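Residues per chain are reported as follows:
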Amino acid sequence: MTDPAQRQPSLAERAMAARGSQAAAGYLAGLNPEQRAAVETIDGPVLVLAGAGTGKTRVLTTRIAHILSQRRAFPSEILAVTFTNKAAREMKERVAHLVGEAVEGMPWLGTFHATGVKILRRHAELVGLKSGFTILDTDDQIRLLKQLIQAENIDEKRWPARVLAGAIDGWKNRALTPDKVPAGEAAAYANGMGLRLYADYQARLKVLNAVDFGDLLLETIRLFRENDDVLAEYQRKFKFILVDEYQDTNVAQYLWLRLLAQRQEGRPQNICCVGDDDQSIYGWRGAEVDNILRFDKDFPGATVIRLERNYRSTGHILAAAAHLIAHNEGRLGKTLFTDGEDGDKPTLTSVWDSEEEARSVGEELEQIQRQGQPLNGTAILVRASFQMREFEDRFITIGLPYRVIGGPRFYERLEIRDALAYLRCVAQGSDDLAFERIVNTPKRGLGDATLQQLHDHARAQGVPLMQAARVLVETEEMKPKARNALKGLIENFDRWAGQIEAMPHSELAQLVLDESGYTEMWQKDKTAEGAGRLENLKELVRSMEEFENLAGFLEHIALVTEARGEGEIEDAVSIMTLHSAKGLEFDTVFLPGWEEGLFPHQRSLDENGRAGLEEERRLAYVGITRARRRAKIYFAGNRRIHGLWQSTVPSRFVNDLPSDHVEISEGLGTSGYGGMGRGNFGQSRFDKVETFSSTYSTPGWQRAQAQKALADAQARFTGRSGSQAFGSTFAEGRGGFQGRLTDRSGGGRTIDGELIAKSSGEPSRYQPGDRVFHLKFGYGDVVAADGNKLTVQFDKAGEKKVVDSFVQAA
DNA sequence: CTTCCGTATGTTTTT
DNA sequence: CATACGGAAG
């Protein structure tokens, strides 16, 4: 997001901007004409089509600065919505930077959901809620649905709660309340019970005084629709509306915006949406590209501004991306260009299999390292997270620092959710879902039977579970063991609650975790996980210090799920999915796994046909456009899928690339198999030409042919149906694999030794027999030490070769 | 209540 | 292959 080409305004310029005079156009300096138009056209609806790397965020933030300095609105009169907290934070920082500290932060700059909560808390009673309502996350949601499903005596195995949760989310994304769900769709779940369950669920939420994420938007819509005065108040309030990533909005968000942006007194609202239809990659979670495609119909007289001047990538990279995305239909059409140099052509490398792919990428990264370039400028962008593993394994072996972006998020981790449940109970004894979660964690002998008893009583009396427990422990209805345990727990909660005012909340949190036995539970757990979990708990307590009080902290958490910033490695290659790479940029981007079935993903094609394919292609476009200087695409001829090796065929996206702007890279250890047998075994996509008849001579095509020949030969070699046997050869480990590859390519490939980490020559700090701990593999015993390279027998993960800097003495 | 075994199931992710 | 979850046995 940081553009070297886009300089920061000088101090003087910022001071002038803060003064807000006409001469203050300092913040406008350095904008290109289109950006400037996007900033200055503040009246009426505006759609800014901002291609990748064209300064989208800069336009948004400068536009806000412009509105403020023109005195058209106070900060509190500007509504600016984003999808992620990260984007919101970044915008806040940049606006503050532009405008100076004089202006208080913008109260209405936030995510759709955060904004929804803010509005909803003020008018909760109008939609049947109390202002202190809790926000359920996916986990709570599923547990609640499970209960409802059980209550209806539906076979939970055939109709899992997560499926229903998915359906409900989907309906909510489309703003479908139970009465609006199309009959056909409603019948799809549990023989027509889906709708009933949806309605039950909504009713139950009201009883619990809770909402889920979808409701944050839907209930706000309902609030606006049913209360003209409230709607009018907000319409008047928000003189300017700005929307980031408009291509990602779903129906509910669209309706939400429309309500707020309705014309008033005949004048169109000042709404500005920024987005890029070519980067719409979230259709599967409800995003409607159509929203952006339809913008000028929704907002007649809209000004459409295209930002096509790219400040990020070199010429060849842009050309490759442009050619690729041009294969999509139904786009608004933009062509990125740059005045910068052509740079290196994106490379295309064919590798034998995914192991070689990882090895090859690893070597390129070492090369970059040797050249003294930071690994922070590099990233590996994969389609599916299972691809990450092979890279991780390889990098651990060679001792290359890496970091995985994404994965389980901090606040979604089991231990964090447990800890939060404790805190929720302390803060609000009526939080049934939280209570249920931790009533028997750690184990205190309160099983299903006890819980059922509590439930029955709670329902009969119409009180929260904690209250029911309070009553029941005073009776003889419970077994003494359970009764005592429960009694102790309740006493604890009462004591903790009594101390909310008495001590800082982070200390209280620590106290709760310790006294409840929760910390101890993980201390007893001697796996790698246990240690990490204790770390996370520590991190949680530490992060609480930044908040004023417990309630404020809990509200924050409900809406924020950002990855923890703990233990950052200073210079490392990032591994992440293409989806999570959107919005980021790197000098060098590795794009592995460009194979049919994986990318485009088979499921995407099966389930969404042409639309699915186009979304996958946009994903490829996003991938390439992340690169500033180098994009390196790989495809493997063999990949292990569901445990067995399958031969694969290069992605059709490879053929969508322009040969003039792509360089074939001779992969490591794979060159020269072009001369392999030309057998024609079986049909493949490459036997039929219809789809890409125009690309016969593209590098991708040629590679594909070579690759196919290889695959065919392989099939012959192993007796075709023997992919199983083939797999087992590989499964025997690296030694077997090496021999195999050398045999096969016949060219005396020198891969021996490549598989082994560089030995530093210095004796290791560790000796055979030492007990060590590894972040990924947990505890283990050193079997052998060769320089800085150790062979360790891990308790859980088995024998692995690791570099000693990755372990610590245990 | 815990442990272990068998079976199903293998995209993408935010709030 | 490898993991995750649910059910049955201890």
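Each chain has its residues counted from 1, following the order in which its sequence is written. Both sets of labels track the order of writing: A upward for chains, 1 upward for ligands. Residue-level local features of this predicted model are given only where pLDDT is at least 70; pairs of side-chain atoms are given and counted only at 80 or more, and the full residue set underlies all totals for whole chains, interfaces and linings. Side-chain figures throughout are based on the complete set of non-hydrogen atoms in the structure, without hydrogens or water.

Visitor: Account for the overall build of chain A, naming residues and giving values.
Guide: Runs of H or I in DSSP of at least four residues are treated as helices and runs of E of at least two as strands, each being numbered from the N terminus. Along the backbone of chain A there are 32 helices and 21 strands. Scored against the burial criterion, the 810 residues of chain A give a buried share of 53%. Of all intrachain contacts in chain A linking residues separated by at least 6 positions in sequence, the fraction that spans at least 24 positions is 76%. Accessible areas in this description were obtained via Shrake-Rupley with a 1.4 Å probe; residue shielding takes into account the shown protein chains only. About 35,200 Å² of surface is accessible on chain A, with carbon and sulfur atoms providing 49% of the total. Summary of the burial criterion: residues with accessible area below 20% of their type's maximum are buried, those above 50% are exposed, and those between are partly exposed, where the area comes from a 1.4 Å probe applied to protein chains only. Every residue pair with non-hydrogen atoms within 4.5 Å of one another is taken to be in contact.

Visitor: Before we move on, can you summarise the sheet that holds strand 8 (residues 303–307) with the specific residues and values?
Guide: Two strands qualify as a pair provided that DSSP identifies no fewer than 2 bridges between them. Overall, parallel pairing links the six strands, which are arranged 3-2-6-7-1-8 in an open sheet. Pairing within the sheet leaves two strands with one partner each, and these edge strands are strand 3 (109–111) and strand 8. Within this sheet the neighbouring strands show an average axis-to-axis angle of 15°, counted without direction. Sheet topology note: the strand 2 (residues 78–82)/strand 6 (residues 240–243) ladder contains four bridges and is parallel. Across the sheet, residue Val 81 finds its bridge partner in strand 6, namely Val 243. Helix axes are fitted to C-alpha atoms over the stretch in contact, other axes to C-alpha atoms as well, and angles between N-to-C directions run from 0 to 180 degrees. Those strands touched by helix 2 (residues 33–40) are strand 1 (46–50) and strand 8, and its axis lies near 145° from that of strand 8.

Visitor: Summarise the nonpolar core; cite the residues concerned and give the values.
Guide: Ranked by internal contacts, the top residues of the largest apolar core, which has 69 residues, are Phe 133, Phe 224, Ile 241, Val 243, Tyr 246, Trp 256 and Leu 260. Setting aside its immediate chain neighbours within four residues, Phe 224 contacts Ile 119, Val 230, Leu 231, Tyr 234, Leu 259 and Leu 260. Ranked by size, the runner-up nonpolar core spans 48 residues in total, among them Met 478, Ala 482, Met 544 and Leu 550. Among the buried residues, those of types Ala, Val, Leu, Ile, Met, Phe, Trp, Tyr and Cys that are joined through side-chain atoms within 4.5 Å form a nonpolar core.

Visitor: Quick rundown of helix 22 (residues 480–498)? Include the residues and the values.
Guide: Helix span is expected to be 1.5 Å times the residue number reduced by one. Relative to the 27 Å expected for 19 residues at 1.5 Å per residue, helix 22 spans 27 Å between its end C-alpha atoms, a close match to the ideal helical length. Where helix 22 is buried, its residues contact helix 18 (414–427), helix 19 (432–438), helix 20 (448–461), helix 21 (465–472) and helix 23 (505–515).

Visitor: Give me the lowdown on the packing of aromatic side chains, citing residues and values where you can.
Guide: The pairing test for Phe, Tyr and Trp rings, Trp by its six-membered ring, is centres within 6.5 Å, and the orientation test on the planes gives stacked under 30 degrees, edge-to-face over 60, and tilted for anything in between. Following the criterion strictly, the structure yields 23 aromatic pairs and no others. With centroids separated by 5.4 Å and ring planes inclined at 65°, the aromatic side chains of Trp 159 and Tyr 189 adopt a geometry described as edge-to-face. On the criterion of sequence distance, the pair formed by Trp 159 in the loop between helix 6 (138–151) and helix 7 (161–173) and Tyr 189 in the loop between helix 8 (183–186) and helix 9 (193–207) is long-range, its members being 30 residues apart. Relative accessible area serves as the criterion here: at 18%, Trp 159 is assigned to the buried category. Judged by relative accessible area, which is 4%, Tyr 189 ranks as buried. With a centroid separation of 5.8 Å and 90° between ring planes, the pair formed by Tyr 246 and Phe 295 is classed as edge-to-face. Taken together, the positions of Tyr 246 in the loop between strand 6 and helix 12 (251–260) and Phe 295 in helix 14 (residues 295–298) put the pair 49 residues apart, joining distant regions of the chain. The aromatic ring of Phe 299 is capped on one face by Arg 258, whose charged end is 6.0 Å from the ring centroid. Two conditions define a charge located above a ring, namely a distance within 6 Å from the ring centre to NZ of Lys or CZ of Arg, and an angle within 35 degrees of the ring normal. The residue whose ring lies beneath Arg 294 is Tyr 254, and the NZ or CZ to ring-centre distance is 4.6 Å.

Visitor: Any details on the pattern of salt bridges? Residues and values, ideally.
Guide: Here a salt bridge means any side-chain nitrogen of Lys or Arg lying within 4 Å of a carboxyl oxygen belonging to Asp or Glu. Counted according to the given criterion, the structure contains 55 salt bridges. Arg 143 is the partner of Asp 140 in a salt bridge, and the nearest nitrogen-oxygen pair spans 3.0 Å. Of the two residues, Asp 140 and Arg 143 both sit in helix 6, three residues apart, roughly one turn of that helix. For Arg 196, the salt bridge identified is with Asp 200, shortest N-O distance 3.9 Å. With Arg 196 and Asp 200 both in helix 9, this residue pair falls four residues apart, about one helical turn.

Visitor: Quick one: what's the story with the protein's contact with DNA strand B, residue by residue and with numbers?
Guide: Proximity criterion: a residue is near a molecule or strand once any of its heavy atoms comes within 4 Å of it. As a structural note, the neighbourhood of DNA strand B is formed by 31 residues, with Ser 385, Arg 409, Lys 443, Gly 447 and Thr 577 the closest of them. Those atoms of DNA strand B that come within 4 Å of the protein belong to sugar or phosphate at a rate of 54%. Here a polar contact is recorded for every N or O atom pair within 3.5 Å, except that within protein the pair must consist of a potential hydrogen donor and a potential acceptor, and residues adjacent in sequence are included only if both atoms are side-chain atoms. Arg 383 is positioned such that a nitrogen or oxygen atom in its side chain is 2.7 Å from a base oxygen of DNA strand B. Secondary-structure elements contributing two or more residues to the surface near DNA strand B are helix 27 (578–581) and helix 28 (602–624). With three residues, helix 28 is the single largest residue contributor to the surface near DNA strand B. Considering only residue class, the surface near DNA strand B consists of seven nonpolar, 16 polar and eight charged. Note on residue classes: Ala, Val, Leu, Ile, Met, Phe, Trp, Tyr, Cys and Pro are nonpolar, Asp, Glu, Lys and Arg are charged, and everything else, Gly too, is polar.

Visitor: Any details on the protein's contact with DNA strand C? Residues and values, ideally.
Guide: The full set of residues close to DNA strand C is Lys 146, His 642 and Gly 643. Taken together, the sugar and phosphate atoms account for 38% of what DNA strand C places within 4 Å of the protein.

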